[in-house]
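Remarks on the overall topology
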Amino acid sequence: MDRIMRSRALALLLAGVFLALALAGQAVAGTLVPASEKGGAGAAIERAGFSYLTGIRTYAAAVLWNRLDA
């Protein structure tokens, strides 16, 4: 029983570390973008494209989930 608890704790710890690494990488990448590229029409197109792709990703996840969990 103790071995199972340790493996669960290790899995949660690894998940937290990976999440922290992903967020830190995203923050560093955001600071590396030059200031001239952050504003203007490009930013609006980027936000619209990201919203569109996020919607498609959410729809695909819902379709897959419905197939798995009847």
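Below you will find a few notes about this structure. Since the model is a prediction, treat every value here as computed from it, not as a measurement.

Another aspect to go through is the overall build of the protein chain. Broken down by element type, the protein chain carries two helices and zero strands. In the protein chain, which comprises 70 residues, the proportion classed as buried is 1%. Split by element, the accessible area of the protein chain, about 6500 Å² in all, is 70% carbon and sulfur.

What follows deals with a nonpolar patch on the surface. On the surface, Leu10, Leu13, Leu14, Val17, Phe18 and Leu21 cluster together into a nonpolar patch covering about 600 Å² of accessible area. Among the structural elements, Phe18 can be located in helix H1 (residues 2–32). A relative accessible area of 57% means that Phe18 is categorised as exposed.

For the rest of this paragraph, the subject is the pattern of salt bridges. This structure, assessed with the given rule, holds one salt bridge. Among the salt bridges present, the one from Arg6 reaches Asp2, with a minimum N-O distance of 3.3 Å. A residue pair is termed a helical-turn pair when its members lie 3 or 4 positions apart in one helix, as Arg6 and Asp2 do in helix H1 at four residues.

The rules behind these values
- Numbering of residues begins from 1 in every chain and follows the order in which that chain's sequence is written.
- Since the coordinates come from a predicted model, pLDDT governs what is reported: local features require at least 70, and pairs of side-chain atoms require 80 or more to be given and counted, while whole-chain, interface and lining totals use all residues.
- Side-chain figures throughout are based on the complete set of non-hydrogen atoms in the structure, without hydrogens or water.
- A helix here means a DSSP run of H or I that spans at least four residues, while a strand means a run of E at least two residues long, and both kinds are numbered starting from the N terminus.
- Here the term buried applies to any residue with accessible area under 20% of the maximum for its type, exposed to any over 50%, and partly exposed to those in between, with areas from a 1.4 Å probe on protein chains only.
- Residue exposure ignores everything except the shown protein chains as possible cover, and the areas themselves are Shrake-Rupley values with a 1.4 Å probe.
- Exposure above 30% relative accessible area and no salt bridge define the residues that can form patches, which grow by joining like charges within 9 Å and nonpolar side chains of Val, Leu, Ile, Met, Phe, Trp and Tyr within 5 Å.
- When a carboxyl oxygen of Asp or Glu is within 4 Å of a side-chain nitrogen of Lys or Arg, the pair counts as a salt bridge.

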